[in-house]
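These are the residues of each chain, in order.
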Amino acid sequence: MSETCIVDLKARKVFDSRGSETVEVEVYTRKTVGKASAPAGASKGKWEAVSYPEGGVEEAVRRILILVKPRLIGFDSSDQVNVDKALKEIDGTINFSKIGGNTAYAVSLAVADAASKTLGIPMYQHIGGTMVKNLPYPLGNVLGGGKHAGEGCPDIQEYLVLPVGAKKFREAYLGNREVHRALRRILEERNIPFFGGRGDEGAWAPRISNDGAFEATAEAVKRASERLGFEIRFGVDVASSSFWDEEKCKYMYKHGKPLDKGEQIDYVLECIDKYKLLYVEDPFHEEDFEGFRELTEKAGDKCLICGDDLFVTNVERLRKGIDIHAGNAVIIKPNQIGTVTDAYEATKLAQKHGYVTVFSHRSGETTDGHLAHLAVAFNCPIVKIGVLGGERIAKINEFLRIEEHMGDQASMHRVGVK
Ligand code: PGA
Ligand code: ZN
């Protein structure tokens, strides 16, 4: 029996950054133990894997013990693809509704953790190979609303900064932190009703209109960029499915009049031009491939048009988008699809077709740092990760460790629109 052979598996309920229950899994090899937990979304896509079976995390833990554990004991933990294949067979549904996508992801990731620890190499090399030397730019959420914050906050879920001129990951993070800090001062100078409160991902959550938030973020980016001496750009995650009214066929803005599809395209195009946005995520609801196509045709040469709820890290949905040129970027959230292998396949498919892959956290996170390893292993040029909060900083700090481990050969990915 090889050292990487799985000999035991444990699961338990723990809490995430919102204080909600999530699943944590331990995978034992003959030599050591790997551990991982699952994050959770608040603005989940309709087509994501089901997070947990009926009965929630409690039932997920039970199913790991009675269904997953007996099947995985004896597997080689370094054989990720076959472990993930077995997880899909154990579940037997198309959307992990029997064991849960979060359950599958925690097991899949704990297996990767166990293998890399047993082999004595960092997870980014175990998954990505020894030639992987590039770090992603952090896309940091600095101001938020939607489902991540309270009443009176913007309809647009996230205002995100991308420090494209930074030369190192550390410098890039400092760029995002500087914008976050400058933004607080700007909100106070402008007497925006605001008590320093933050949303689920650490972004400021003031009572401000969508356009007011654009103005304030643009100013904060300008000040931070001047202070640090490198280029910082910004963008948004509209998360528009969360305020799309299917019956009325309108985006129901609280800070403005409802917009139909054509008006929404015009509004987004106007924002891209006015604020020189480099990134727009989910500007249309999760069924509107055609809207994505049209916007990509009109603005894809200057802005990343990214699908999250549209693609849900699913190769079938991604293929549909690729065929009609809907979007030029894609969010990769492994728990949307369930396993490390499936997320990898979606990433590779996107990269093959020239889409910019954006590895992403969820609004509910644990203090696991694994996300950083996967983002590097998958060669993603951008990682969407909050600026503050222990659960976000755990990933940021892991990137710093990876950067240090890569030594002189570490460099940043190139980011831009082709
Ligand atoms: P989440 O969404 O709350 O589902 O994690 C974040 C996002 O829309 O990118
Ligand atoms: Zn999103």
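Structure: above.
The shown structure was predicted, so the numbers you read here are calculated from the model rather than taken from an experiment.

S.K.: Provide a residue-level description of the sheet that holds strand E3 (residues 33–37), including the pertinent values.
M.R.: Ordered by their spatial adjacency, three strands build an open sheet running E1-E2-E3, and the pairing between neighbours is antiparallel. The sheet is open, and its two edges are formed by strand E1 (6–15) and E3, each paired on a single side. Adjacent strand axes in the sheet meet at a mean angle of 20° when their direction is disregarded. Packing of helix H1 (residues 56–72) onto the sheet brings it into contact with E1 and strand E2 (21–29), and relative to E1 it is tilted by some 175°. Its contacts with the sheet place helix H3 (residues 101–119) against E1, E2 and E3, and it is angled at close to 35° to E2.

S.K.: Give me the nonpolar core: which residues, what numbers.
M.R.: Among the nonpolar cores identified, the biggest contains 133 residues, and Val 25, Phe 214 and Phe 378 are the most heavily contacted of them. Among the elements that line this core, the one with the most residues is H3, at nine residues. Split by domain, the residues of this core number at least three in each of domain 1 (6–120) and domain 2 (134–412). Filtering out sequence-adjacent residues up to four positions away, Phe 378 remains in contact with Ile 127, Ile 332, Val 340, Ala 343, Tyr 344, Thr 347, Lys 348, Gln 351 and Phe 359.

S.K.: Quick one: what's the story with the pattern of salt bridges, residue by residue and with numbers?
M.R.: Inspection of the entire model under this criterion finds 38 salt bridges. Across the salt bridge formed by Lys 384 and Asp 237, the nearest N and O atoms sit 3.2 Å from each other. Taken together, the residues span a long stretch of sequence, with Lys 384 in strand E14 (residues 382–384) and Asp 237 in strand E7 (residues 233–237) at a distance of 147 residues. Each member of the pair, Lys 384 together with Asp 237, is buried. With a closest N to O distance of 2.9 Å, Lys 298 and Glu 294 form a salt bridge. Of this pair, Lys 298 and Glu 294 both sit in helix H8 (residues 289–299), four residues apart, which is roughly one turn of that helix. You can call Lys 298 partly exposed: its relative accessible area is 43%. By relative accessible area, which is 22% here, Glu 294 ends up partly exposed. Several salt bridges share partner residues, and in doing so they unite Glu 158, Asp 237, Glu 281 and Lys 384 into one network.

S.K.: Summarise a negative patch on the surface; cite the residues concerned and give the values.
M.R.: A contiguous patch of negative charge on the surface is contributed by Asp 211, Asp 260, Asp 266 and Glu 270. Mapping Asp 260 onto the fold places it in the loop between strand E9 (250–251) and helix H7 (261–275).

S.K.: Quick rundown of the site of ligand 1? Include the residues and the values.
M.R.: Taken together, 14 residues lie around ligand 1, and Ala 42, His 148, Arg 362, Ser 363 and Lys 384 are the ones closest in. At a separation of 2.7 Å, an oxygen atom of ligand 1 approaches a polar side-chain atom of Arg 362. Ser 363 places a polar side-chain atom, nitrogen or oxygen, 2.5 Å from an oxygen atom of ligand 1. Against a free-state accessible area of 280 Å², the protein chains account for coverage of 99% of ligand 1. Of the residues assigned to the shell around ligand 1, the class counts are one nonpolar, five polar and eight charged. Both domain 1 (6–120) and domain 2 (134–412) contribute no fewer than three residues apiece to the shell around ligand 1.

S.K.: Can you explain unusual backbone geometry? Please cite residues and give values.
M.R.: Of note, Ala 239 is a non-glycine position whose phi angle comes to about 45°, a positive value. Although it is not a glycine, Lys 276 adopts a positive phi angle of roughly 50°. Judged by relative accessible area, Lys 276 falls into the exposed class, the value being 53%.

Conventions we followed
Residues numbered from 1 in each chain as written. Chains lettered and ligands numbered in written order. Predicted model: local features only at pLDDT ≥ 70, side-chain atom pairs only at ≥ 80, totals over all residues. Heavy atoms only, no water. Pairing = 2+ DSSP bridges. Helix = DSSP H or I, 4+ residues; strand = E, 2+ residues; numbered from the N terminus. Axes fitted to C-alpha atoms, helices over the stretch in contact; angles between N-to-C directions. Contact = heavy atoms within 4.5 Å. Core = buried A, V, L, I, M, F, W, Y, C linked by side-chain atoms within 4.5 Å. Buried < 20%, exposed > 50% of the residue type's maximum accessible area, 1.4 Å probe, protein only. Domains from an automatic or database assignment. Salt bridge = Lys/Arg side-chain N within 4 Å of Asp/Glu carboxyl O. Patch = residues over 30% accessible without salt bridge, like charges linked within 9 Å, V, L, I, M, F, W, Y side chains within 5 Å. Areas by Shrake-Rupley, 256 points an atom, 1.4 Å probe, with all protein chains shown as cover. Lys, Arg positive; Asp, Glu negative; His and termini not counted. Charge placed at Lys NZ, Arg CZ, Asp CG, Glu CD. Near = heavy atom within 4 Å. Polar contact = N/O pair within 3.5 Å; in protein donor to acceptor, adjacent residues only side chain to side chain. Nonpolar A, V, L, I, M, F, W, Y, C, P; charged D, E, K, R; others polar.

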